[in-house]
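# Examination of the molecular architecture
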Amino acid sequence: VLRARLEYLQTHYQIREQDFLNFDALRQASQCVGRVIRSKTDYGLIILADSRYNRADKRTKLPKWILQFLHEGYLNLSTDTALQHVKQFLRVMGQKIDQEALQSVLLPLDEIEKLATREVTQSDGLGLLTESNTAVA
């Protein structure tokens, strides 16, 4: 399947094999990172131990939601330094969750439904396509 995808992209879009393989590897890494956190109360730790993540040409191709946590101070660490960061992170994140404070940052279901309705009615002119191919604003 991978070979067929690559051949199609090379034939139709002149995408180089190395560019495709880099993209595919970073896409899969991003998916793995995204599987760690599933709710507001989850926390997790991902260690990108491959030295290629130190290279800006690779690192900058990661999604913004991952890049926001990849500060220069967290790159190219020794094992001892990385372990110190891990311990500090787990110490902070392992504290009991203040449920009252958590509720103040979570939206109730009725607010989420209102936001979803507002997004549909305030679309950017593209509207939604219904089964009858009629645009709905």
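An account of the accompanying structure is given in this report. Within every chain, residues take consecutive numbers counted from 1 along the sequence as written. Residue-level local features of this predicted model are given only where pLDDT is at least 70; pairs of side-chain atoms are given and counted only at 80 or more, and the full residue set underlies all totals for whole chains, interfaces and linings. Working from all heavy atoms in the structure, the side-chain values ignore hydrogens and water.

### Details of the overall build of the protein
Stated formally: A run of H or I in DSSP counts as a helix once it spans at least four residues, and a run of E counts as a strand once it spans at least two, with each numbered from the N terminus. Relative accessibility under 20% of the residue-type maximum defines a buried residue, over 50% an exposed one, and the middle range a partly exposed one, all with a 1.4 Å probe and only protein chains included. Note on contacts: a residue pair qualifies if any of its non-hydrogen atoms lie within 4.5 Å across the two residues. Areas reported as accessible are Shrake-Rupley estimates using a 1.4 Å probe. Residue values count occlusion only from the protein chains shown.
Within the protein, the secondary structure is distributed over seven helices and two strands. The helix and strand sequence of the protein, counted from the amino end, reads α-α-α-α-α-α-α-β-β. The buried share among the 137 residues of the protein stands at 13%. In the protein, the proportion of contacts linking residues at least 24 apart, taken out of those at least 6 apart, comes to 36%. Looking at the protein as shown, the accessible area adds up to about 11,400 Å², and 56% of this sits on carbon and sulfur atoms.

### Observations regarding helix H2 (residues 17–34)
Counted only if it meets this: For a helix, the expected span equals 1.5 Å multiplied by the residue count minus one.
Helix length check: H2 (18 residues) gives 26 Å between terminal C-alpha atoms against 26 Å at 1.5 Å per residue, within 8%. Listed in full, the buried residues belonging to H2 are Phe20, Asn22, Asp24, Leu26, Ala29, Ser30, Val33 and Gly34. Buried residues belonging to H2 abut helix H1 (2–13), helix H3 (56–59) and helix H4 (64–67).

### Things to note about H1
For H1, which comprises twelve residues, the first-to-last C-alpha distance of 16 Å matches the rise-based estimate of 16 Å (1.5 Å per residue) to within 8%. Positive backbone phi, approximately 55°, marks Gln14, located one or two places after H1.

### Here's the deal with the nonpolar core
Using the following cut-off: Think of a nonpolar core as a cluster: buried Ala, Val, Leu, Ile, Met, Phe, Trp, Tyr and Cys residues, connected wherever their side-chain atoms sit within 4.5 Å.
Leu26, Ala29, Val33, Tyr53, Leu62 and Ile66 form the largest nonpolar core, which has six residues in total. If one sorts the elements of this core by residue count, H2 sits on top with three residues.

The values are spatial; any link to function lies outside them.
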